[in-house]
Amino acid sequence: MSTAYSHVDIEGSTLGAGQPEYQRVADDLRQQIADGRLKAGHPIPSTKKLSELYSVSPIVVRRAVGDLTNEGLLYGEKGVGVFVNEGGPTKAARGASVAQALSGIDALQKQIDDMRAANELALESLSRDLTVLRRQVVELKERPPAQE
């Protein structure tokens, strides 16, 4: 289910546009956990309630909750609910997050290097064009005026 909102305000939280819906929901829940609005050991709202609050499908909510569970911020008890983890992210989840961040940094560095190389090639081409134009201007200055 797609919505046309630029943000949703849920108990003081905001969601930004430009991200997949599940990521916006996960980011908002992550922020609520970080600032204590969702307390350790307490259940989070049901999938149905979160779907209504964020105006998204239950599939989107389940994806967001799954991501937060994989990060170690949440844990589920079959038939009971999903709860905020007492100890925050597990060491393994933090390690995975660090590895993911480093991978992202490497990808960004490659993009920067590629852009730098492309810019250098463009500058070389512009420099050659400028040299040609300067020669043409010199030739025009040196050419005697046309006789009519």
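Residues numbered from 1 in each chain as written. Predicted model: local features only at pLDDT ≥ 70, side-chain atom pairs only at ≥ 80, totals over all residues. Heavy atoms only, no water.

A. Examining the overall build of the protein more closely. Within the protein, the regular secondary structure consists of 4 helices and 2 strands. Each helix and strand of the protein, placed in order from N terminus to C terminus, yields the pattern α-α-α-β-β-α. Relative to its 148 residues, the protein shows a buried fraction of 22%. Sequence-distant contacts in the protein: of pairs separated by 6 or more residues, those separated by 24 or more amount to 42%. (Helix = DSSP H or I, 4+ residues; strand = E, 2+ residues; numbered from the N terminus. Buried < 20%, exposed > 50% of the residue type's maximum accessible area, 1.4 Å probe, protein only. Contact = heavy atoms within 4.5 Å.)

B. Seen up close, the pattern of salt bridges. The full count for this structure, using the stated rule, is 6 salt bridges. A salt bridge links aspartate 114 to lysine 110, with the nearest nitrogen and oxygen atoms 3.0 Å apart. Here lysine 110 and aspartate 114 lie together in helix 4 (residues 91–142), a separation of 4 residues that amounts to about one turn. A relative accessible area of 41% means that aspartate 114 is categorised as partly exposed. Look at the salt bridges and you will find they share partners, linking Asp27, Arg30 and Glu71 into a network. (Salt bridge = Lys/Arg side-chain N within 4 Å of Asp/Glu carboxyl O.)

C. Structural context of the side chain of arginine 24. Relative to the elements of secondary structure, arginine 24 occurs in helix 1 (residues 21–34). Buried charge without a salt bridge: arginine 24, with glutamate 21 as the nearest opposite-charge side chain at an N-O distance of 4.1 Å. Here the side chain of arginine 24 touches glutamine 19 through a polar contact of 3.4 Å, landing on its backbone oxygen. (Lys, Arg positive; Asp, Glu negative; His and termini not counted. Polar contact = N/O pair within 3.5 Å; in protein donor to acceptor, adjacent residues only side chain to side chain.)

D. Focus on the packing of aromatic side chains. Here the structure, examined in full by the defined rule, presents 1 aromatic pair. Ring centres 5.6 Å apart and planes at 20° place the aromatic pair tyrosine 75 and phenylalanine 83 in the stacked group. By relative accessible area, phenylalanine 83 is classed as buried at 12%. For arginine 63, the ring lying beneath its charged end belongs to tyrosine 22, and the centroid distance is 3.8 Å. (Phe/Tyr/Trp six-rings, centres within 6.5 Å; stacked < 30°, edge-to-face > 60°. Lys NZ or Arg CZ within 6 Å of the ring centre and 35° of its normal.)

E. Helix 3 (residues 58–71), seen in detail. Here helix 3 is 14 residues long and its end C-alpha atoms lie 20 Å apart, about the 20 Å a rise of 1.5 Å per residue gives. Within the sequence span of helix 3, burial applies to Val60, Val61, Ala64, Val65 and Leu68. Looking down the long axis of helix 3, one finds its buried residues gathered within 130° of arc, a one-sided arrangement. More than 90 degrees from the buried face of helix 3, the exposed residues found are Ile59 and Asn70. Once helix 3 finishes, glycine 72 follows within two positions and takes phi at roughly 90°, a positive value. (Expected span 1.5 Å × (residues − 1). Arc of directions from axis to C-beta.)

F. Just the side chain of aspartate 28, in detail. Among the structural elements, aspartate 28 can be located in helix 1. Although aspartate 28 is buried, it forms no salt bridge, and the closest oppositely charged side chain is arginine 37 at an N-O distance of 5.3 Å. In terms of polar contacts, aspartate 28 uses its side chain to reach the side chain of glutamine 32, at 2.8 Å.

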